[in-house]
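Survey of secondary and tertiary structure
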Amino acid sequence: DQQVKQNSPSLSVQEGRISILNCDYTNSMFDYFLWYKKYPAEGPTFLISISSIKDKNEDGRFTVFLNKSAKHLSLHIVPSQPGDSAVYFCAASGQGGKLIFGQGTELSVKP
Amino acid sequence: ETGVTQTPRHLVMGMTNKKSLKCEQHLGHNAMYWYKQSAKKPLELMFVYNFKEQTENNSVPSRFSPECPNSSHLFLHLHTLQPEDSALYLCASSQETSGGPEQFFGPGTRLTVL
């Protein structure tokens, strides 16, 4: 039973446009949600997080939105750049420092 | 060296071999983690160490044996592995398990079991 799901395995966006990556979760006890970015042959890199008591967190071109009633979060990247092309993982934080990851969405930003 | 480093980056081993993966963090963190990433699957947590004590073993087979001699180093000892154990093994660290949720990852070891 997967508690964190990213239903879109891939997304293609034109440079300069908005990229929206989605993530759904089932456990209402998660207290933090995080987004990681992963390039091939590298480990995941922390991007941005949001506490479960907030509904929005913004950091430069990256904004994460949390909809607790729908158990849904999304990452918006605007404007998208070719260097943003990577696999994006959402993760939820539970007890004891455990992170539960989604399957990842591969973002391709085309020039 | 900065961040989280892992060696080796690539490893090919037979099912009867014994090998070890090494992870080192230079961030002053007190918690360290092993994850497994198989193709097309989410990262799976294997082990958690907090202040050198193992606090989580996520039902990992005994052919994987972790060791944490201090807060900066983490090993994963491998023996009599199976081909289905071929995966990317990632190490991560964080301040401590009860602190902020952000974990910082190493580049991973790509393991192939023949």
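The following refers to the structure shown. These numbers were taken from a predicted model, which means no experiment stands behind them.

Turning our attention to the layout of surface pockets. Considered as a void within the structure, the largest pocket measures approximately 540 Å³ in volume. Lining the largest pocket are 20 residues, with Val87(A), Phe89(A), Gln103(A), Gln37(B) and Lys40(B) positioned closest to its centre. Counting residues per element, the ones that place at least two in the lining of the largest pocket are β9 (86-93) and β11 (105-110) of chain A. Taken as a whole, the second largest pocket spans an internal volume of roughly 370 Å³. Gln3(A), Lys98(A), Leu99(A), Ile100(A) and Asn58(B) are, among the 17 residues lining the second largest pocket, the residues nearest its centre. Mapped onto the lining of the second largest pocket, the elements with two or more residues apiece are β10 (99-101) of chain A together with β5 (44-50) of chain B. Broken down by element, the lining of the second largest pocket gets its largest block of residues, 3 residues, from β10(A). A class-by-class count of the residues in the lining of the second largest pocket yields 7 nonpolar, 6 polar and 4 charged.

Next up on the list: unusual backbone geometry. The residue after Val78(A), namely Pro79(A), is reached through a cis peptide bond having omega -10°. Mapped onto the secondary structure, Pro79(A) falls in the loop between β8 (72-77) and β9. Here the phi dihedral of Thr80(B) falls at roughly 50°; this positive angle occurs in a residue that is not glycine. As for its placement among the helices and strands, Thr80(B) is situated in the loop between β8 (73-79) and β9 (87-94). Overall, Thr80(B) belongs to the partly exposed group, its relative accessible area being 43%.

Looking now at the packing of aromatic side chains. Two numbers describe a pair of aromatic rings. These are the distance of the centres and the angle of the planes. Scanning all chains against the criterion turns up 12 aromatic pairs over all chains. Judged by centre distance (4.5 Å) and plane angle (40°), the ring pair of Tyr25(A) and Phe33(A) falls under tilted. The two residues Tyr25(A) and Phe33(A) agree in class, both being buried. Arranged with centres 5.7 Å apart and planes meeting at 90°, the rings of Phe101(A) and Tyr35(B) form a pair that is edge-to-face. In this pair, Phe101(A) is assigned in strand β10 and Tyr35(B) in strand β4 (residues 31-37), connecting two distinct chains.

Criteria and thresholds
Residues numbered from 1 in each chain as written. Chains lettered and ligands numbered in written order. Predicted model: local features only at pLDDT ≥ 70, side-chain atom pairs only at ≥ 80, totals over all residues. Heavy atoms only, no water. 1 Å grid on protein atoms, 1.4 Å probe; cavity = no way out; pocket = protein on both sides within 12 Å on 5 of 7 lines; lining within 4 Å. Points joined across faces, edges and corners; volume = space filled by probe spheres on them. Helix = DSSP H or I, 4+ residues; strand = E, 2+ residues; numbered from the N terminus. Nonpolar A, V, L, I, M, F, W, Y, C, P; charged D, E, K, R; others polar. Buried < 20%, exposed > 50% of the residue type's maximum accessible area, 1.4 Å probe, protein only. Phe/Tyr/Trp six-rings, centres within 6.5 Å; stacked < 30°, edge-to-face > 60°.

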